[in-house]
Amino acid sequence: MRFFTRSRFLRWLPPIFFGIVIVVWESAVQILDISKFLLPAPSSILNAFLDEPQRFLFHTWRTAYEALLGFAIGLALGVFLAAAIAYVRTLERMVMPYLVIIQVTPIVAIAPVLVLWLGTGLAPKVAVAFLISFFPITVSTTIGLRSADREALDLMKVLAATERFVFLRVRLPFALPYLLSSMKIAAPAAVIGAIVAEFVSSTQGLGYVILISKSTLRTADLFVAIVGSAALGITMFGLSILAESKFLRWHESQIR
C-alpha cells in the first residue's frame, strides 16, 4: 500500500496551502517592515487574541447567538410561508413582491430603521439576521414543494390520502434538497446580517469590536474580529452541510 496517494494529497492540500499563506504573510511583514497599523503579522493577531481571549470569545458568542436565533426564525417562518405559497398561488402574487423588495434593499439601509423601531438591544440584530436568511429559504422551499413527482401525487389521490399525509410523505421529501441547499446560503448570510446590525448600534458582538478597533487603530484586534466572523460563517455553513448529509442520506447527491 502506498503511503502517498492522490486522495491523501488532496485531503491535506487545504491545510498545507493555508500554512504556506501564513508563512508568506508573516515573512512579508517582517522583511518589508510593514506597519502593524496597516497589516499586522499573523503572530501579532494571535498575540492580540491571547491577551484577551475571554473578551473576544464573549463577543463571538454574542454574534453567534444573534445569527442562530435570526436564522432559526427565518427557517421556521420560511418553511411555513413556502408551504402556504405552494398551496395558494394567489398568496405568491401578494407576498413575493414585498419579499423581493426587502431582499434587494441594502441591509445597511434597513438596519438603522430596525434600530429605531426595535431599540438597541438584541431584537434588531435578530431581525436583520432573520430578514437576510428568510428570502432564500422561502423561495427555494417553494420550488421544492412544487417539484414533487406527479406520479406520486396521482397515486396519493388514488389512495385517497389526506393532504397532511401527502405533504409529509411526498411534497416535503422532494423539497428537502432545495431547503437544505438554501440553508447553506442563508446560514452564513445570517452572520453577515447580525454583524451589519451591530455596526449600527451595539455594545456587544464582533461588529462592535470591529468598530472600536477601527476607531482606536488597534488593527490586530480588528483582524481577530474578522477571523472570528469568518469562523462563524464557516461553522454555520458546516452545520448546514452536516444537516444535508444527515437528512439526505437517501438522495442521489449523497450516495455519489
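Owing to the predicted nature of the structure, the values given are computational and were not obtained by experimental measurement.

**Brief notes about the layout of surface pockets**
Approximately 400 Å³ is the volume attributed to the largest pocket. Along the walls of the largest pocket sit 18 residues, with Ile45, Phe223, Val224, Val227 and Gly228 positioned nearest its centre. Elements represented by at least two residues in the lining of the largest pocket include exactly α1 (6–32), α2 (42–51), α3 (53–87) and α10 (219–247). A total of six residues in the lining of the largest pocket trace back to one element, the largest contributor, which is α10. Class assignment for the residues of the lining of the largest pocket results in 16 nonpolar, two polar and no charged.

**Remarks on the packing of aromatic side chains**
Taken as a whole and assessed by the stated rule, the structure comprises five aromatic pairs. Ring geometry for Trp61 versus Tyr65: centroids 6.1 Å apart, planes at 40°, classification tilted. Taken together, the positions of Trp61 and Tyr65, both in helix α3 and four residues apart, correspond to about one turn of that helix. Residue classification places Tyr65 among the partly exposed positions, given a relative accessible area of 35%. Measuring from ring centre to ring centre gives 6.4 Å for Tyr87 and Phe167, while their planes differ by 45°; the resulting arrangement is tilted. One end of the pair, Tyr87, is in helix α3; the other, Phe167, is in helix α8 (residues 163–200), and 80 residues separate them in sequence.

**Digging into empty space enclosed by the protein**
A full pass over the atoms with the stated rule returns one cavity of 30 Å³ or more. The space that makes up the largest cavity amounts to roughly 40 Å³. Mapped onto the lining of the largest cavity, the elements with two or more residues apiece are α4 (89–104) and α6 (122–146). Residues belonging to the lining of the largest cavity are distributed by class as follows: five nonpolar, one polar and no charged.

**Notes on the nonpolar core**
Among the nonpolar cores identified, the biggest contains 29 residues, and Phe71, Met183 and Val191 are the most heavily contacted of them. Broken down by secondary-structure element, the contributors of at least two residues to this core are α2, α3, α6, α8, α9 (206–215) and α10. Here Phe71 is in contact with Ser133, Ile137, Met183, Ala186, Ala187, Ala190 and Met236, once residues within four sequence places are set aside. Leu81, Leu114, Ala127 and Phe135 belong to the second-largest nonpolar core, a separate cluster that totals 16 residues.

**Quick look at the side chain of Thr60**
With respect to the helices, strands and loops of the structure, Thr60 is situated in helix α3. For Thr60, a relative accessible area of 19% translates into the label buried. Of the polar contacts made by the side chain of Thr60, one reaches the backbone oxygen of Phe56; its length is 2.7 Å. Those residues in contact with Thr60 that sit more than four places away from it in its chain are Leu206 and Leu232.

The rules we used
Residues numbered from 1 in each chain as written. Predicted model: local features only at pLDDT ≥ 70, side-chain atom pairs only at ≥ 80, totals over all residues. Heavy atoms only, no water. 1 Å grid on protein atoms, 1.4 Å probe; cavity = no way out; pocket = protein on both sides within 12 Å on 5 of 7 lines; lining within 4 Å. Points joined across faces, edges and corners; volume = space filled by probe spheres on them. Helix = DSSP H or I, 4+ residues; strand = E, 2+ residues; numbered from the N terminus. Nonpolar A, V, L, I, M, F, W, Y, C, P; charged D, E, K, R; others polar. Phe/Tyr/Trp six-rings, centres within 6.5 Å; stacked < 30°, edge-to-face > 60°. Buried < 20%, exposed > 50% of the residue type's maximum accessible area, 1.4 Å probe, protein only. Core = buried A, V, L, I, M, F, W, Y, C linked by side-chain atoms within 4.5 Å. Contact = heavy atoms within 4.5 Å. Polar contact = N/O pair within 3.5 Å; in protein donor to acceptor, adjacent residues only side chain to side chain.

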